Amino acid sequence: MDTRCKLLQAASEIVLQDGTNGLTLDAVAKRAQVSKGGLLYHFASKEALVEGLIDILVRGFEEALAAHEAVEPPGPGRLTRAYLRAKADMVERSNSCAEMSGLLAAVANRPELLCRFRERMASCRLRLADDGIDPATAAIVQLAADGLTMTHLLDLHPPTAELRGEIVARLVELTHAADGAHAARPLLPTARRTTKSS
């Protein structure tokens, strides 16, 4: 494992164990058994470390999304179902949720640290918007998947594993029911301004 990966692994472990209050450059260097100078070579600040951790989480989700898409049968709604299953996987991995929760706390007062996360998610949303199913249904599934994740991140009385499985199954059914709805029920047209002739 190279030095940068060792430092990020150490930072991740600290966030999980001690929260973001324990995430200091000295603590990361000590845990990774890297000199302070070696740490500063890769990460000049705590914010840079947080950005690195966010990047790892985003890449992990993108890899899970690609893996689910690869095994999902081709056809309308394929990417939407893969997105749903990747989000459900994230909830199953408690470490991912705990780490993301800590990072959200770390960036609460520094929203600019989420720029890269927003850019990557925006790119994903563009792909999801062209998944061959009714756009409104696709959006419902995507927002529900995001909601499942957020209830666990914020510990907002998340559903049990059994109920979560039922929710995912229902959402998958929605994507199949919407296979032909994209053509049958287009998005409402933008309202046009009309004027009366004098």
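Here, every reference points to the structure presented above.
Please read all numbers here as calculations on a predicted model, not as lab measurements.

(A) A look at the environment of Arg 164. Relative to the assigned elements, Arg 164 resides in helix H9 (residues 161-177). Judged by its relative accessible area of 7%, Arg 164 is buried. Residues Arg 164 and Val 91, 73 residues apart in the sequence, show an inter-C-alpha distance of 9.6 Å. Here Arg 164 is in contact with Val 91, Glu 92, Leu 148, His 152 and Pro 159, once residues within four sequence places are set aside.

(B) How the structure looks around helix H5 (residues 78-92). Between its terminal C-alpha atoms H5 stretches 21 Å, which fits the 21 Å expected from 15 residues at 1.5 Å a residue. Buried residues dominate H5, accounting for 11 of its 15 residues. Turning to H5, its buried residues number three or more, namely Leu 79, Thr 80, Arg 81, Ala 82, Tyr 83, Leu 84, Ala 86, Lys 87, Ala 88, Met 90 and Val 91.

(C) Highlighting the packing of aromatic side chains. In total, this model carries 1 aromatic pair according to the counting rule given. Judged by centre distance (5.6 Å) and plane angle (85°), the rings of Phe 61 and Tyr 83 are edge-to-face. Here the residue Phe 61 occupies a position in helix H4 (residues 46-71), and Tyr 83 occupies one in helix H5, the gap between them amounting to 22 residues. Pair check on accessibility: Phe 61 and Tyr 83 agree, each one buried. Cation over ring: Lys 87 sits above Phe 61, and NZ or CZ is 5.1 Å from the ring centre.

Rules used throughout
- Residues numbered from 1 in each chain as written.
- Predicted model: local features only at pLDDT ≥ 70, side-chain atom pairs only at ≥ 80, totals over all residues.
- Heavy atoms only, no water.
- Helix = DSSP H or I, 4+ residues; strand = E, 2+ residues; numbered from the N terminus.
- Buried < 20%, exposed > 50% of the residue type's maximum accessible area, 1.4 Å probe, protein only.
- Contact = heavy atoms within 4.5 Å.
- Expected span 1.5 Å × (residues − 1).
- Phe/Tyr/Trp six-rings, centres within 6.5 Å; stacked < 30°, edge-to-face > 60°.
- Lys NZ or Arg CZ within 6 Å of the ring centre and 35° of its normal.

So, to be careful, I would describe these as geometric facts and stop short of saying anything about function.
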